[in-house]
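# Examining the three-dimensional arrangement
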Amino acid sequence: MDGLSSVQSLEALSKMLSQGREEDEQPVSSTAGLGPGHIGPAKCETNVPPVVSKNSKDIWSEEEVPEGSELDDTWDTRQQPEYEILFKQKITTEDVFLGMSRKDPSSACCECMLIKIKLPDTKIADVFLDVKEKFLDLRSPKFKLGLHLPHPVDSKTGKACFITEAQTLEVTLTMQREMDFINFA
């Protein structure tokens, strides 16, 4: 008898499920149609007028053009030198042995950026270097490097050192990121 009642129970359950399909299309309650985007105060739509540029023929505004793009020259045949970007931390014995600061080995805790640029057969007198907040421009008779930096830097406090044995220019720049006051407090 238990086997027969379980078959009847399954048939009754099947009828209930097939009848409920029409009702599933409608939300059961007023909260059924809500999702994670509905949490918080209601957002009112504001009509923001489009920003009109000074010249109607301009494609981009000045804010949209990346810094240093005016230095990009596709017709310049000078080759790009090999370069390497390294990050540096200023640590003390308390950081190394006691772990007293919140510093870790990640690049988020680094204060400086070291850029090593290999310039074979180049004299330091022939090198022109210009550093902006987000762009490094290096030019010499043989090489040209226009490098968009991964983080904003303080262009006034940087240091450059040319190592003649390795024919490498090392540029050390202090980074200026938005959340550095948290990492280095």
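Shown above is the structure to which this text applies.
Here's what I pulled together on the structure shown here. (Residues numbered from 1 in each chain as written. Predicted model: local features only at pLDDT ≥ 70, side-chain atom pairs only at ≥ 80, totals over all residues. Heavy atoms only, no water.)

### Some remarks on the overall build of the protein chain
So the rule is basically this: Secondary structure elements follow DSSP: runs of H or I of four or more residues count as helices, runs of E of two or more count as strands, with numbering from the N terminus. Residue burial is assigned from relative accessible area. The probe radius is 1.4 Å, only protein chains are included, and a residue is buried under 20% of its type maximum, exposed over 50%, and partly exposed in between. We call two residues in contact when some of their heavy atoms are within 4.5 Å.
Scanning the protein chain for helices and strands turns up 4 helices and 7 strands. Counting from the amino terminus, helix and strand elements in the protein chain follow one another as α-α-β-α-β-β-β-β-β-β-α. Within the protein chain, the fraction of its 185 residues that count as buried is 20%. Partitioning the intrachain contacts of the protein chain with sequence separation of at least 6 by distance along the chain shows that 59% fall at a separation of at least 24.

### Some words on the sheet that holds strand S6 (residues 153-163)
Put simply, the rule reads: Strands pair, by our definition, only if DSSP identifies at least two bridges between them. Note on geometry: axes are lines fitted to C-alpha atoms, helical ones only across the stretch in contact, with angles between N-to-C directions running from 0 to 180 degrees.
Spatially, the 4 strands line up as an open sheet ordered S1-S2-S7-S6, and their pairing is antiparallel. The open sheet terminates on both sides in strands that have one partner only, identified here as strand S1 (83-88) and S6. Each strand axis lies, on average, 20° off the axis of its neighbour in the sheet, ignoring direction. Direction of pairing for strand S2 (residues 112-118) relative to strand S7 (residues 168-175): antiparallel, over a ladder of 7 bridges. In the strand pairing of S7, isoleucine 117 is matched with leucine 169.

### Points about the environment of glutamine 79
Note that glutamine 79 resides in the loop between helix H2 (21-24) and S1. With 66 residues separating them in the primary sequence, glutamine 79 and leucine 145 have C-alpha atoms 8.2 Å apart. Non-local contacts of glutamine 79, meaning those with residues more than four positions away in its chain, are made with Lys142, Phe143 and Lys144.

### Focus: the pattern of salt bridges
Test applied: A pair is scored as a salt bridge if a Lys or Arg side-chain nitrogen falls within 4 Å of a carboxyl oxygen belonging to Asp or Glu.
Scanning the model with the defined rule gives 2 salt bridges in all. Across the pair lysine 132 and aspartate 130 runs a salt bridge whose closest N-O atoms are separated by 3.0 Å. Across the salt bridge formed by arginine 139 and aspartate 137, the nearest N and O atoms sit 3.1 Å from each other.

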